[in-house]
Amino acid sequence: MRRSKQHEVEIQITPMLDMAFQLLTFFILTYQPAPVEGQFSMNLLPAAPAVSLDAEAPAADQSQPAELPAALRTLTTSIFAAPDGQIGHITVGENEYATLEQLKARLVEIVSDKTLPFDQAIIQADPRLSWDALMKVVDVFAGKDVNLTKLSFAPLESEPAL
Amino acid sequence: MAGSVTNEIRAEPNLTPLLDVVFQLITFFMLVFKISGADFDQRVRLPVAGSAMPVEGSVVDQDRLILNIDADGRLLWSGQVLDVESAIKKIRDQAELARLNLKVGGKELAAGDPLPTIIILRADRSVPFSQIYRYIQACQANGFTRFALKAMNAEG
C-alpha cells in the first residue's frame, strides 16, 4: 500500500490565542497589586505595662537594678487631640511638645541616656484622637531611632487645663 | 520590469512563541490574583506607619483572630457590619471557642491565663481611639493579650 497523497494536518491555534488574550485582558484589568501591610506586635495587658513579643527577657538588661519597680521604668506619654482628631500636643513627663519631630528628638535623648531607667512606655491617648494619629506616635516609639517597643495604651482620663 | 510569480508562497507567522508568552503571562496573573478575603476587608483604610514590620511566616501560621473596624467604629465580621454589643459578644464567643479548642488539644488553660491567639487589629485610620479601645478592652477581658496593630508601610 502506498500513499497517494500526503495530508497535512493543521491545528488551528487562532481560537486558542483569542481565548488566551481574553483571559490575559481579564487578569490585566482586574489586577490590583496588594498594598504592603505591616504590623506592630505587642502584648497589651489590662492596666499593666505591655511587653513586646519580640523583646528580650528583662533579666538580660544588667544595667538596671533588678529590683527597680516597673512603674519607675515606664515612660508615660500623654497625647492630647486637636478638634479634628489629630495630635494637639504631647506631654512626656512634665514637658510638652507640639510635633512628632520634637517628641522623637526627646525620646532619642531619653533612650540614649543610660542613666535613665525607662525601657517601656504607656501611651495615654485622648479618646478623640484618631487611630491614624495614635499610630504615628507608635511609629515614633517603634522606629529605629527610639526602638522602644514595650508599649501599652490607656485612655486619657482628664482634659488638660485651659 | 515585470516578473510573474510562478510558485505561490504561503507566509504563515509562527504563533507558538507568542502563545507561550501569553500563557506565561496568564499564569503570572493567575498566581498573583488575589481573591479578596473577608478577613482583610478592603473598606478599612489602614493608618500609615513606616516602622510597621511586614508579617513573617511564623506569625501567619499562628492562631489569630482578625478584627476589622470600619470608619464608623463598627466591627466588620465576614463582610457583615456588627454593632458594638454584637461585636463584644462575638469576641467573647471566639475566646470560649479558643479555650475549647485548647482543651480538646490537651492544653487546658488555668483561670486567668492569657490565650495564645493573636488579635489582628485592622482599624480604619479615622476612628477615634475611644471606639477602638472598647474592642481592646473586650479582648483583654476575655483573655486576649497578644495584639498585632496593622498599618501600611507607605501611603497606598
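See above for the structure.
Draft legend 1. Fine view of the overall build of chain A. A count of helices and strands for chain A gives three helices and six strands. Going residue by residue from the N terminus, the α and β elements of chain A occur as α-β-β-β-β-α-β-α-β. Counting across all 162 residues of chain A, residues that qualify as buried make up 40%. Sequence separation of 24 or more characterises 66% of the internal contacts of chain A that already satisfy a separation of 6 or more. For chain A, the accessible surface area stands at approximately 10,200 Å², while carbon and sulfur atoms represent 56% of it.

Draft legend 2. Representation of the packing of aromatic side chains in the model. Taken as a whole, this structure holds seven aromatic pairs over all chains when the rule is applied. On the basis of an interplanar angle of 65 degrees and a centroid distance of 5.2 Å, the ring pair of Phe26(A) and Phe27(A) is categorised as edge-to-face. What links up through ring pairs into an aromatic cluster is the set Trp131(A), Phe153(A), Phe129(B) and Tyr133(B).

Draft legend 3. Molecular detail of the interface of chain B and chain A. At the junction of the two partners, chain B supplies 52 residues and chain A supplies 43 residues. Roughly 4,100 Å² is buried in total at the junction of chain B and chain A, and carbon and sulfur atoms are behind 69% of that figure. The interface formed by chain B and chain A includes two salt bridges. Notably, a salt bridge pairs Glu37(A) with Lys150(B), separated by 3.9 Å at the nearest N-O pair. Sorting the residues of the side of chain B that touches chain A by element identifies α1 (16–32), β1 (53–54), β5 (115–123), α4 (129–141) and β6 (144–152) of chain B as the ones contributing at least two each. Among the elements that line the side of chain B that touches chain A, the one with the most residues is α1(B), at 10 residues. When grouped by side-chain class, the residues that make up the side of chain B that touches chain A number 36 nonpolar, eight polar and eight charged. Where strand β1 (residues 37–43) of chain A meets β1(B), two bridges bridge the pair, whose relative direction is antiparallel. Looking at β1(B), one finds that Gly38(A) is bridged to Pro54(B).

Draft legend 4. Structural view of the nonpolar core. The biggest cluster of nonpolar side chains holds 61 residues, and the ones touching the most others in it are Phe40(A), Trp131(A), Phe141(A) and Phe153(A). Among the elements that take part in this core, helix α3 (residues 131–142) of chain A stands out by supplying nine residues, more than any other. Once residues lying within four places of it in the same chain are set aside, the contact partners of Phe40(A) are Met135(A), Val138(A), Asp139(A), Ala142(A), Ala49(B), Ser51(B), Ala52(B), Phe147(B), Ala148(B), Leu149(B) and Ala151(B).

Draft legend 5. Structural context of the side chain of Ser78(A). Positionally, Ser78(A) belongs in strand β2 (residues 74–81). Beyond its immediate stretch of four places on either side in the chain, Ser78(A) contacts His89(A), Ile90(A), Thr91(A), Gln124(A) and Leu156(A).

Draft legend 6. Region of the structure containing the environment of Ile118(B). Tracing the sequence through the fold places Ile118(B) in strand β5. When the C-alpha atoms of Ile118(B) and Val55(B) are compared, they prove to be 13 Å apart, with 63 residues separating the residues in sequence.

Draft legend 7. Here's a closer look at the sheet that holds β5(B). The strand order across the open sheet formed by seven strands is β1(B)-β1(A)-β6(B)-β5(B)-β2(B)-β3(B)-β4(B), and the pairing between neighbours is mixed. The open sheet is flanked by β1 and β4 (80–82) of chain B, the only strands paired with a single partner.

Draft legend 8. A look at the sheet that holds strand β4 (residues 95–97) of chain A. All names here are of chain A. Across the sheet, five strands lie side by side as β4-β3-β2-β5-β6; this open sheet has mixed pairing. Pairing within the sheet leaves two strands with one partner each, and these edge strands are β4 and β6 (151–155). When strand polarity is set aside, the average angle formed by the axes of neighbouring strands in this sheet is 25 degrees. Note that β2 and strand β3 (residues 87–92) share five bridges and pair antiparallel. Note on β3: the bridge partner recorded for Thr77 is Val92. Lying on the sheet, α3 is in contact with β2, β3, β5 (120–125) and β6; it crosses β5 at an angle near 165 degrees.

About the criteria used
Residues numbered from 1 in each chain as written. Chains lettered and ligands numbered in written order. Predicted model: local features only at pLDDT ≥ 70, side-chain atom pairs only at ≥ 80, totals over all residues. Heavy atoms only, no water. Helix = DSSP H or I, 4+ residues; strand = E, 2+ residues; numbered from the N terminus. Buried < 20%, exposed > 50% of the residue type's maximum accessible area, 1.4 Å probe, protein only. Contact = heavy atoms within 4.5 Å. Areas by Shrake-Rupley, 256 points an atom, 1.4 Å probe, with all protein chains shown as cover. Phe/Tyr/Trp six-rings, centres within 6.5 Å; stacked < 30°, edge-to-face > 60°. Buried area = accessible area lost by both parts, 1.4 Å probe. Salt bridge = Lys/Arg side-chain N within 4 Å of Asp/Glu carboxyl O. Nonpolar A, V, L, I, M, F, W, Y, C, P; charged D, E, K, R; others polar. Pairing = 2+ DSSP bridges. Core = buried A, V, L, I, M, F, W, Y, C linked by side-chain atoms within 4.5 Å. Axes fitted to C-alpha atoms, helices over the stretch in contact; angles between N-to-C directions.

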